[in-house]
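Reading the structure
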Amino acid sequence: MPKMRYVILQKNADLFFVEMPADYAYQLSALNLRLNKEIDKLTASVVPELPLAVAECDQLDLLQEHLQIQDGLAYINALEQSFASIDEQSYPLIALLTEIRALQAQLEQWYEEEAEA
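**A word on the sheet that holds strand β3 (residues 52-57)**
Ordered in space as β3-β1-β2-β4, the 4 strands form an open sheet in which the pairing is mixed. The strands lining the two open edges of the sheet, one partner per strand, are β3 and β4 (69-71). Averaged over all neighbouring strand pairs, the angle between strand axes comes to 30°, with direction disregarded. Here strand β1 (residues 4-11) runs beside β3; their pairing, made up of 5 bridges, is antiparallel. Of the residues in β3, the one forming a bridge with Leu9 is Ala53. Here helix α2 (residues 72-84) sits on the sheet and contacts β1, β2 (14-21) and β4; the angle it forms with β4, its principal contact strand, is near 70°.

Written out as structure tokens, the structure reads:
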């Protein structure tokens, strides 16, 4: 069984838990922090609301039934879709999309290799 890590994200008072392959969790955290830093520079009228990465851990036991762990690839796919739909004219959005898509491609390859193993 592959080693997984959990990235804990916070939006307002809500926490989100994203399960990532251990080797890629830091990349998600770093990407999230960069996106949060850059999102205020976007000039589009509609931009996604992002949670903020607040922690990572190796093991996670959720004690509240309403909390769920989200698959890392599903999270990245949704993130890519939300940024791809932004109608940005001024800020070089392509740079952010490139970073998102790079991690997306790495995760897709990781899951394919795991499926074959």
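**Examining the environment of Asp61**
Looking at the element boundaries, Asp61 is found in the loop between β3 and β4. By relative accessible area, Asp61 is classed as exposed at 68%.

**Things to note about the packing of helix α1 (residues 22-38) against α2**
At their nearest, the axes of α1 and α2 sit 13 Å apart, and the two run at 25° to each other. With respect to each other, α1 and α2 are oriented roughly parallel. Pair α1 / α2 crosses with left-handed handedness. Residues Leu28, Leu31, Asn32 and Leu35 of α1 form the contact with α2, whose own contacting residues are Tyr75, Ile76, Leu79 and Phe83.

Conventions and cut-offs
Residues numbered from 1 in each chain as written. Predicted model: local features only at pLDDT ≥ 70, side-chain atom pairs only at ≥ 80, totals over all residues. Heavy atoms only, no water. Pairing = 2+ DSSP bridges. Helix = DSSP H or I, 4+ residues; strand = E, 2+ residues; numbered from the N terminus. Axes fitted to C-alpha atoms, helices over the stretch in contact; angles between N-to-C directions. Contact = heavy atoms within 4.5 Å. Buried < 20%, exposed > 50% of the residue type's maximum accessible area, 1.4 Å probe, protein only. Parallel < 35°, antiparallel > 145°, perpendicular 65-115°, else oblique. Left-handed = near helix turned anticlockwise from the far one by under 90°.

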